[in-house]
Amino acid sequence: MRLLGVELRRLAARRLIGFVLLGGLAAVALVVVGAWFTAQPPTEAQLAEAQTMFEQELEYWEQEGDQMVADCLESEEQESERLGEEVDFGCDQMAPQLEWFLPYAPPLEEIFTSSLASVAFIPVLLMLIIGVTATAAELSTGTMSTWLTFVPRRTRVVLSKIAAPALVALPLTALIMGVVVGGFYGVYAFHGTTGTISAELWTEVAWIAVRTVGLGAAAAAVGSALGVLLRHTAVALGLVFVWSVVVEQILRGTVPRLQPYLLTTNLLAWVQGGTEYWINECRDSADGVFCEGVEHTLSLGAASIYLGVGAAVILVLATLVFRRRDVG
Amino acid sequence: MGQTDYAISTRDLRKTYRGARGRHVAVDRLDLRVPVGGVHGFLGPNGSGKTTTIRMLLGLVRADSGRMRIFGQHVPEQLPEVVGRVGAIVESPKFFPSFTGRTNLDLLARAIDAPHGRVDEVLEATGLRERGADRYRGYSLGMKQRLAIAATLLKQPDLLIFDEPTNGLDPAGIHEIRGTMRRLADEGRTVLVSSHILAEVEQVADTVSIIGRGRLLATGPVADVIGDRTAGVRVGVAEPERARQVLETAGLLVRVEGQHLMVDGERDPARISWLLGTNGLWVNELAPVRVGLESVFLELTGSSTLGAEGDVR
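Residues numbered from 1 in each chain as written. Chains lettered and ligands numbered in written order. Predicted model: local features only at pLDDT ≥ 70, side-chain atom pairs only at ≥ 80, totals over all residues. Heavy atoms only, no water.

- In the annotation of an unreviewed UniProt entry, chain B is listed under the name ATP-binding cassette domain-containing protein and assigned to Actinotalea soli.
- Under Sequence similarities (unreviewed entry), UniProt gives the following word-for-word description of chain B: "Belongs to the ABC transporter superfamily." (UniProt positions renumbered as here; feature names shortened; annotations may be inferred.)

- As annotated in an unreviewed UniProt entry, chain A is ABC transporter permease subunit from Actinotalea soli.

Now the structure itself:
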């Protein structure tokens, strides 16, 4: 515990932690500022313009509407005959509505969870950086050798160096997610466009935030382990970037069936509490090969196991390597 | 002497590095013994295995084979038990550059649970009290070295290991470090100082071990190992040509070096002075010329190469 306390002090003394926190807060502040604009209800000018366009469309509809509906029903009937099953072209919903001409501004209740999930990767990435630099900087500058001449028990040393960034990541990620949740709710409440935020939705939001905080801590720990393994901040972060942004995107496009095994898919499933992905499945039919996208679900449980096992492997590997490696 | 009479002892210690160009033997069956108390010089040319040996003793590098003890305790297995008695600076001092000197020491002090106030004491002892609040990256090389010594003193160690401590220091810094090592030894501690400069070790060490190509070449009191290795005597005299004839007549080997004479192989300046004086030649300079480390190595190894052993494929 003494070593962990010293590591926490060391991290607290690092200016980088402050810079990362400020960077994270600045990034989410930009997101909240973006939300400020999307949360705004239509202005008087937008309403007036929409009303004018609606009236023009209504006038055209009154002249041509009956024919348009008739044409629609005919096409619908032809398609139904061709496919041998009932299809609905929505011919009864063709009459113009005013909201068609208003800028679309979904209420917070519709986008709260998806927005949080997309922003969650900001603090997680920042915590990864904190973890990587915590150990890689020490190894690349040689200060680790000074440390080991004072504390030669390597397992304790490496565990303290992995655990400390994880602990630091907890309040930092919580703070950033608190700003995001509060910021989103604040700007939508200001504009009166929250919609109905039910207790159930608040619970879902809270769980997303809690899981993100946990992921932030895990990212810091894994980052520390990667720093131990790779010894250079740029190498470790470069590897993460190349894997998650380049390799996984290529795999996602070329081998879609690998999606449930991709890191990014599992991270999304963890944060959102499960996620859907589509795989194009083809079969032979009378008209030739028929393909359709089939939706699959990656559950929170499956993502937990994937991420947990992956993190454990990296942490154990880092510990074993550090125990045996020559330190310069 | 028993094992506990030695601060450090190694037996058949070996370390091989593997690289793109094959294997390289850094330390080869090294038997090193550093007696308790005094300053022990650990001499060898660059690449001879000094730093690797020190790193192995401190558990930073794994030995391929062999045994090591510090104060009778097997290392690295029992290093945690004995590390509190060992302070070490390996190569250049390494601290967190963005932290102050005091913060760097404070973190180390907390890691070993040093008594409260110990950081102030060691800052005071090394003359860094006024600069403790400055960032380490702003320190001069001498201050960095002093901070490293301050760090070693946090433990109040019985054994101090300094690896090339005067590298890059100005003469004042070298003098200061030399004085510090001597003072620490006089306080009853054991100091192991590695160097590739013969004169540096000679001035401060009580005992010495010389290694070359990872192997022990000689060990013992300084006087026995390198103390009488005089290359010759440099003579300044008003009539060098007549002086040369006098000395050669006496059977000495004499070379003319500019306005001076160099009497090779003669270790007794008094004899030269007497020979010249009895012939009415008065010397204005009479200086024994010491051999360099290179010469000692050449003599000990009988080899023309001084560095580490070559690559082994």
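1. Quick word on the overall build of chain A
- Looking only at helices and strands, chain A features eleven helices and two strands.
- Shown N-terminal to C-terminal, the secondary structure of chain A runs as helices and strands in the order α-α-α-α-α-α-α-α-α-α-β-β-α.
- At 27 Å, chain A has a C-alpha radius of gyration far larger than the 20 Å of a compact globule built from 328 residues.
- Reported as C-alpha extents along the three principal axes, the dimensions of chain A are approximately 90 × 55 × 35 Å.
- Within chain A, buried positions represent 40% of all 328 residues.
- Within chain A, contacts between residues separated by at least 24 positions form 74% of all contacts whose residues are at least 6 apart in sequence.
- Of the accessible surface of chain A, which amounts to about 17200 Å², a share of 63% is contributed by carbon and sulfur atoms.
- Each charge class in chain A can be summarised by its mean position, and for the 18 positive and 33 negative side chains these summaries are 43 Å apart. (Helix = DSSP H or I, 4+ residues; strand = E, 2+ residues; numbered from the N terminus. Rg over C-alpha atoms; globule rule 2.2 N^0.38 Å. Buried < 20%, exposed > 50% of the residue type's maximum accessible area, 1.4 Å probe, protein only. Contact = heavy atoms within 4.5 Å. Areas by Shrake-Rupley, 256 points an atom, 1.4 Å probe, with all protein chains shown as cover. Lys, Arg positive; Asp, Glu negative; His and termini not counted. Charge placed at Lys NZ, Arg CZ, Asp CG, Glu CD.)

2. A word on the overall build of chain B
- Counting its regular elements, chain B contains eleven helices and 16 strands.
- On the principal axes, the C-alpha backbone points of chain B span a range of 70 × 50 × 40 Å.
- The proportion of buried residues among the 313 residues of chain B is 49%.
- If you take every contact in chain B between residues at least 6 apart in sequence, the share linking residues at least 24 apart comes to 70%.
- Carbon and sulfur atoms make up 48% of the accessible area of chain B, which amounts to about 13900 Å² in all.

3. Considerations on the state of the cysteines
All names here are of chain A.
- All chains considered together, the criterion is met by two disulfides over all chains.
- Note that cysteine 72 is cross-linked by a disulfide to cysteine 91, the S-S spacing being 1.9 Å. Residues cysteine 72 and cysteine 91 share a disulfide whose torsion about the S-S bond is about -80 degrees; that sign makes it left-handed. Of this pair, cysteine 72 sits in helix α3 (residues 44–83) while cysteine 91 sits in the loop between α3 and α4 (108–119), placing them 19 residues apart in sequence.
- According to the relative accessible area criterion, cysteine 72 is buried, its value standing at 12%.
- Across the disulfide, cysteine 282 is cross-linked to cysteine 291 (sulfur-sulfur distance 1.9 Å). On the sign convention where negative means left-handed, the S-S torsion of about 105 degrees between cysteine 282 and cysteine 291 marks this disulfide as right-handed.
- Cysteine 291 gets classed as partly exposed once you look at its relative accessible area, which sits at 35%.
- With its bonded cysteines labelled in order along the sequence, chain A shows the pairing 1-2, 3-4. (Disulfide = S-S within 2.5 Å.)

4. Digging into the nonpolar core
- In terms of nonpolar packing, the biggest core is built from 95 residues, with Ile8, Ile70, Leu105, Ile161 and Phe162 of chain B touching the most fellow members.
- Broken down by element, the residue count for this core peaks at seven residues, all from helix α5 (residues 141–153) of chain B.
- Judged by nonpolar contacts, the second largest core, of 49 residues, contains Leu11, Val28, Met177 and Ile208 of chain A. (Core = buried A, V, L, I, M, F, W, Y, C linked by side-chain atoms within 4.5 Å.)

5. Some details on the interface of chain A and chain B
- Between chain A and chain B, the contact holds 28 residues from the first and 30 residues from the second.
- Both sides together, the interface formed by chain A and chain B hides about 2600 Å², and carbon and sulfur atoms give 63% of it.
- Looking only at chain A, the three residues that lose the most surface to chain B are Thr149, Phe150 and Asp326 of chain A, adding up to 26% of its buried area.
- Inspection of the region where chain A meets chain B yields three salt bridges.
- Inspection of the region where chain A meets chain B yields ten residue pairs in polar contact (both at pLDDT 80 or more).
- Looking at the side of chain A that touches chain B, the elements that each hand over two or more residues are α1 (2–13), α5 (121–141), α6 (143–150) and α11 (300–324) of chain A.
- Per-element accounting of the side of chain A that touches chain B gives the leading share, seven residues, to α6 of chain A. (Buried area = accessible area lost by both parts, 1.4 Å probe. Salt bridge = Lys/Arg side-chain N within 4 Å of Asp/Glu carboxyl O. Polar contact = N/O pair within 3.5 Å; in protein donor to acceptor, adjacent residues only side chain to side chain.)

6. Topic: the packing of aromatic side chains
- In the structure shown here, the tally under the stated rule is seven aromatic pairs over all chains.
- Residues tyrosine 136 of chain B and tyrosine 139 of chain B carry aromatic rings whose centres are separated by 5.9 Å and whose planes lie at 55 degrees to one another, so their mutual orientation is tilted.
- With a relative accessible area of 5%, tyrosine 136 of chain B lands in the buried category.
- In this structure an aromatic cluster arises from ring pairing among Phe112, Tyr185 and Trp202 of chain A.
- It is arginine 154 of chain A that lies over the ring of phenylalanine 322 of chain A; its NZ or CZ is 5.7 Å from the centre.
- Between the NZ or CZ atom of arginine 85 of chain B and the centre of the ring of phenylalanine 71 of chain B, over which it lies, the distance is 3.9 Å. (Phe/Tyr/Trp six-rings, centres within 6.5 Å; stacked < 30°, edge-to-face > 60°. Lys NZ or Arg CZ within 6 Å of the ring centre and 35° of its normal.)

7. Brief notes about the packing of α1 of chain A against helix α3 (residues 101–111) of chain B
- Running from N to C, α1 of chain A and α3 of chain B cross one another at 165 degrees; their axes reach a closest spacing of 9 Å. With respect to their mutual orientation, α1 of chain A and α3 of chain B come out roughly antiparallel. Classified by chirality, the crossing of α3 of chain B by α1 of chain A is right-handed. The residues of α3 of chain B that touch α1 of chain A, namely those facing Arg2, Leu3, Val6, Arg9, Arg10 and Ala13 of chain A, are Thr103, Leu107, Arg110 and Ala111 of chain B.
- Split into classes, the residues belonging to the contact of α1 of chain A with α3 of chain B amount to five nonpolar, one polar and four charged. (Axes fitted to C-alpha atoms, helices over the stretch in contact; angles between N-to-C directions. Parallel < 35°, antiparallel > 145°, perpendicular 65-115°, else oblique. Left-handed = near helix turned anticlockwise from the far one by under 90°. Nonpolar A, V, L, I, M, F, W, Y, C, P; charged D, E, K, R; others polar.)

8. With respect to unusual backbone geometry
Residue and element names in this part refer to chain B.
- The peptide bond linking valine 75 to proline 76 adopts the cis configuration, its omega dihedral lying at 10 degrees.
- Looking at the secondary structure, you find proline 76 in the loop between β6 (73–75) and α2 (79–82).
- For phenylalanine 71, which is not glycine, the phi torsion reads 50 degrees and is therefore positive.
- Along the chain, phenylalanine 71 turns up in the loop between β5 (65–70) and β6.

9. Looking at the domain arrangement of chain A
- The domains assigned to chain A are domain 1 (2–41 + 106–324) and domain 2 (44–101).
- Computed from C-alpha atoms alone, the centre-to-centre distance between domain 1 of chain A and domain 2 of chain A is 45 Å. (Domains from an automatic or database assignment.)

10. Description of the pattern of salt bridges
All names here are of chain B.
- On inspection of all chains with the given rule, the structure shows 31 salt bridges over all chains.
- For aspartate 158, the salt bridge identified is with arginine 85, shortest N-O distance 2.7 Å. With aspartate 158 in the loop between α5 and β8 (159–163) and arginine 85 in the loop between α2 and β7 (86–89), the pair connects residues that are 73 residues apart, well separated along the chain.
- Given the relative accessible area of 36%, arginine 85 is considered partly exposed.

11. Digging into the confidence of the model for chain B
- On average, residues of chain B carry a pLDDT of 87, and 91% of them reach 70 or more.
- Per-element mean pLDDT across chain B ranges from 39 in strand β16 (residues 311–312) of chain B up to 96 in β5 of chain B. (pLDDT = per-residue confidence, 0-100.)

12. Side note on the sheet that holds β7 of chain B
All names here are of chain B.
- Taken together, the six strands give an open sheet; going across it, the order is β7-β8-β9-β4-β10-β11, and neighbouring strands pair in mixed fashion. Each having just a single partner strand, β7 and β11 (215–221) make up the two edges of the open sheet. Here the strands of the sheet are splayed against their neighbours by 15 degrees on average, with no regard to which way each runs.
- Pairing geometry for β7 and β8, over four bridges, is parallel. If you follow isoleucine 89 over to β8, its bridge partner there is phenylalanine 162.
- Across the sheet, α5 is in contact with β7 and β8; its angle to β7 comes to roughly 165 degrees. (Pairing = 2+ DSSP bridges.)

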